[in-house]
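# A structural walkthrough
The chain contents come next:
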Amino acid sequence: MEIFHISAECYPVAKVGGLADVVGALPKYLNVLGHNAKVILPAYDTKFKNENHFDKIYEGELKLGWFHFDYSILKERTNKLGFELYLVSIPDLFNRPNVYSYEDDIERFAAFQIAFLNWLTETNQYPDILHCHDHHTGLIPFMVQFAHAYKALKNTPTIITIHNGQYQGAFSFDKIDYLPEFDQSKLGFLEWNSLINPLASAIKCAWKVTTVSPSYLEEISFAANGLENLLRYERPKSIGILNGIDNEVWNPETDEMLIANFNFKTVKAGKEKNKKHLCEQFNLDPSKPLFTFIGRLVGEKGADLLPQICSIALTEHHQNINILILGSGETEIERNLEDLKPFFEGNYNAFIGYNEKLSHQIYAAADYLLMPSRVEPCGLNQMYALRYGTIPIVRRTGGLKDTIIDIGDEGFGICHDQASVFDVIHSINRAVLLFDNQKKTKEITKRIMQIDHSWDKVAEEYINTYQSIIL
């Protein structure tokens with residue numbers, strides 16, 4: 001099968017969150033299984049784009065209402081990522097360093113989708129599957145079915161994967177002329193709550209809807225930022241497939257970003273070396289249990305709870321624990337985390353920003369990873385933690401519920417039910433008691449490093465899904 005993955009993110013080309021990790025891994029594993037998976041995303045002004053070689057393989061022009069844009073399709077020359085990588089270059093819209101958060105994001109991603117479909121039709125390409133990821137590509141299933149310019153693709157199966165249903169990309173109907181001419185009787189396939197809603201449209205028009213974990217599919221039927229009724233209606237064509245992780249990138253035995261490599265047999269010594277180095281960097285005591293948080297500092301991740309959690313936990317335990325935060329997000333949360341530093345010097349630190357190398361080093365060094373998420377469609381961080389022998393402390397929601405079993409249920413993690421300061425503090429207290437039992441801790445760390453969350457099995461689930469809708 002020839003499968004095109006259309007996305008706003010792809011690691012290591014452009015990354016904001018877990019979407020990039022999925023799109024950077026799944027196509028590679030599909031290809032290993034004998035298929036022809038490709039990725040296309042916008043040509044942002046990123047380090048990857050500037051440091052690698054691309055060939056311009058197509059030039060065209062697109063119309064977006066009254067606007068006209070020249071675009072080109074760039075192909076990465078060496079297939080170094082394990083799949084063919086294509087970038088849609090529209091300099092006026094995408095020659096910027098960031099992926100999102102521009103005032104013209106609606107125009108940017110509408111143009112990206114139109115340019116992609118123009119290229120396919122104008123070069124007579126007919127893939128077996130168009131796999132769209134999140135709302136940034138959500139107009140494609142509608143345009144393929146109902147836009148006159150793309151009638152040659154009408155019978156091409158489309159899939160939408162919902163990585164986070166809270167973000168839907170809705171905009172007003174005064175921008176309807178951005179879309180190529182289409183059958184006006186199908187206008188209802190675009191509309192939700194009197195707006196053009198790309199994610200809602202994709203759910204209606206795609207041949208298959210997938211979510212990134214089975215539990216998240218259940219949850220968004222009741223909490224999906226207004227799309228609950230639609231998702232319940234479309235449930236017969238929906239399936240939850242738990243994400244995997246790329247074991248080539250996330251492998252403590254070969255990870256070049258670590259101070260010391262290790263496997264499940266050498267985990268104790270390996271983690272001690274990495275922990276010593278990390279604690280030296282951040283003025284922490286390597287003899288104490290190290291709790292960490294890695295991720296976006298937003299309410300969705302429960303990050304607004306972190307300043308109070310850190311303050312209470314460090315006070316209650318008389319500073320006999322360490323806490324290290326890595327992330328960026330809402331300004332107030334960042335400031336509150338920074339403000340804690342002088343009060344708990346030697347036991348607490350925070351790195352505000354994104355640093356891929358540091359995240360690998362933290363997974364390898366930490367004893368525990370905090371994930372107090374309010375919403376976690378799948379979560380990859382807990383899987384990375386397991387791979388590196390770090391015990392996750394999670395709220396039972398979404399993919400966290402699907403992947404982490406509490407030690408009280410003969411499992412390997414520490415779980416709680418509410419996104420509350422009290423629940424997280426209780427879990428930290430349990431973790432401190434576990435840390436004091438080094439024999440049991442060693443058994444758990446060896447066990448979790450051998451859990452298989454690789455993409456191999458997950459890729460087969462996607463292949464079965466594709467095959468179920470190919471005509």
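Now for a description of the structure that goes with this document. (Residues numbered from 1 in each chain as written. Predicted model: local features only at pLDDT ≥ 70, side-chain atom pairs only at ≥ 80, totals over all residues. Heavy atoms only, no water.)

Moving on, we come to the overall build of the protein chain. Within the protein chain, the regular secondary structure consists of 17 helices and 17 strands. Taken against the 2.2 N^0.38 rule, which gives 23 Å for 471 residues, the C-alpha radius of gyration of the protein chain at 23 Å falls within 12% of a compact globule. Across its three principal axes, the protein chain shows a C-alpha extent of roughly 70 × 45 × 40 Å. A burial count over the protein chain gives 61% of its 471 residues as buried. Taking all contacts inside the protein chain whose residues are at least 6 apart in sequence as the whole, residues at least 24 apart take part in 72%. By element, 49% of the accessible surface of the protein chain is carried by carbon and sulfur atoms, the whole surface being about 19,100 Å². (Helix = DSSP H or I, 4+ residues; strand = E, 2+ residues; numbered from the N terminus. Rg over C-alpha atoms; globule rule 2.2 N^0.38 Å. Buried < 20%, exposed > 50% of the residue type's maximum accessible area, 1.4 Å probe, protein only. Contact = heavy atoms within 4.5 Å. Areas by Shrake-Rupley, 256 points an atom, 1.4 Å probe, with all protein chains shown as cover.)

The next thing to look at is the layout of surface pockets. Looking at the second largest pocket, its volume works out to about 430 Å³. Forming the boundary of the second largest pocket are 23 residues, of which Tyr11, Asp246, Glu248, Val249 and Trp250 lie nearest the centre. With five residues, helix H1 (residues 18-32) is the single largest residue contributor to the lining of the second largest pocket. (1 Å grid on protein atoms, 1.4 Å probe; cavity = no way out; pocket = protein on both sides within 12 Å on 5 of 7 lines; lining within 4 Å. Points joined across faces, edges and corners; volume = space filled by probe spheres on them.)

So, on to the sheet that holds strand S11 (residues 238-240). Taking strand neighbours across the sheet as the criterion, the nine strands line up as S3-S4-S5-S2-S1-S6-S7-S10-S11 in an open arrangement whose pairing is mixed. Strand pairing shows two members of the sheet lacking a second neighbour, strand S3 (54-64) and S11, which therefore form its edges. Looking at each pair of strands side by side, their axes are set apart by 20° on average, direction ignored. Looking at chain direction, strand S2 (residues 36-42) and strand S5 (residues 84-89) are connected through five bridges and run parallel. When the sheet's bridge partners are listed, Leu41 is paired in S5 with Leu87. Of the strands in this sheet, strand S1 (2-6), S2 and strand S6 (129-133) are in contact with H1, which crosses S2 at around 155°. Where helix H6 (residues 198-205) meets the sheet, it contacts strand S7 (158-162) and strand S10 (208-211), and its direction lies at approximately 135° from that of S7. (Pairing = 2+ DSSP bridges. Axes fitted to C-alpha atoms, helices over the stretch in contact; angles between N-to-C directions.)

Before going further, it helps to examine helix H17 (residues 455-469). With 15 residues, H17 extends 21 Å from end C-alpha to end C-alpha; this agrees with the ideal 21 Å at 1.5 Å per step. In this fold, the buried residues of H17 make contact with S1, H1, S6, S7, S10 and S11. (Expected span 1.5 Å × (residues − 1).)

Bringing the side chain of Asn263 into the picture now. Tracing the sequence through the fold places Asn263 in the loop between S11 and helix H9 (267-282). At a separation of 2.9 Å, a polar atom in the side chain of Asn263 contacts the main-chain amide nitrogen of Lys265. When neighbours within four sequence positions are excluded, Asn263 is seen to be in contact with Glu253 and Met449. (Polar contact = N/O pair within 3.5 Å; in protein donor to acceptor, adjacent residues only side chain to side chain.)

Now for the nonpolar core. One finds Phe291, Ile323, Ile325, Tyr348, Tyr368 and Ile428 to be the most contacted residues of the largest nonpolar core, which totals 88 residues. With eight residues, helix H15 (residues 421-436) is the largest single contributor of residues to this core. The contacts of Phe291, once residues within four sequence positions are left out, are Ile321, Asn322, Ile323, Leu324, Tyr368, Leu370, Ile393, Ile428, Ala431 and Val432. Membership of the second largest hydrophobic core comes to 76 residues, among which are Phe94, Ala115, Leu190 and Ala202. (Core = buried A, V, L, I, M, F, W, Y, C linked by side-chain atoms within 4.5 Å.)

The tally for this structure, following the rule as stated, stands at 21 aromatic pairs. A ring pair is formed by Trp250 and Tyr384, whose centres lie 3.8 Å apart and whose planes are at 15°; its orientation type is stacked. Here Trp250, found in the loop between S11 and H9, pairs with Tyr384, found in helix H13 (residues 381-387); they are 134 residues apart in sequence, far enough to count as distant. Take Trp250: its relative accessible area is 3%, and that puts it in the buried class. Where Trp250 meets Tyr388, the ring centres are 6.0 Å apart and the plane angle is 80°; that geometry is what we call edge-to-face. Of this pair, Trp250 sits in the loop between S11 and H9 while Tyr388 sits in the loop between H13 and strand S16 (391-395); the two residues are 138 residues apart in sequence, bridging distant segments of the chain. (Phe/Tyr/Trp six-rings, centres within 6.5 Å; stacked < 30°, edge-to-face > 60°.)

For the rest of this paragraph, the subject is the sheet that holds strand S17 (residues 414-416). Neighbouring strands of a sheet are bound in pairs by backbone hydrogen bonds; such pairs are parallel or else antiparallel. Spatial ordering of the open sheet is given by S14-S13-S12-S15-S16-S17, a layout of six strands whose pairing is parallel. What marks the edges here is a single partner per strand, and that holds for strand S14 (348-352) and S17. Neighbour-to-neighbour, the strand axes of the sheet open up by a mean angle of 15°, direction not taken into account. Note that strand S12 (residues 290-297) and strand S15 (residues 368-371) share two bridges and pair parallel. Its bridge partner being in S15, Thr292 is matched across the sheet by Leu369. Against the sheet, H15 makes contact with S12, S15, S16 and S17, and its axis sits at roughly 165° relative to S17, the strand it touches most.

Geometrically, the link from Tyr11 to Pro12 is a cis peptide bond, its omega value of 5° lying close to zero. With respect to the helices, strands and loops of the structure, Pro12 is situated in the loop between S1 and H1. In this model, Ser194 sits at a positive phi of 65°, which is unusual for a non-glycine residue. Take Ser194: it is sitting in the loop between strand S8 (191-192) and strand S9 (195-196). Given the relative accessible area of 59%, Ser194 is considered exposed. The backbone phi angle of Gln319 is positive, close to 60°, even though this residue is not glycine. Position of Gln319 among the secondary structure elements: in the loop between helix H10 (306-316) and strand S13 (322-329).

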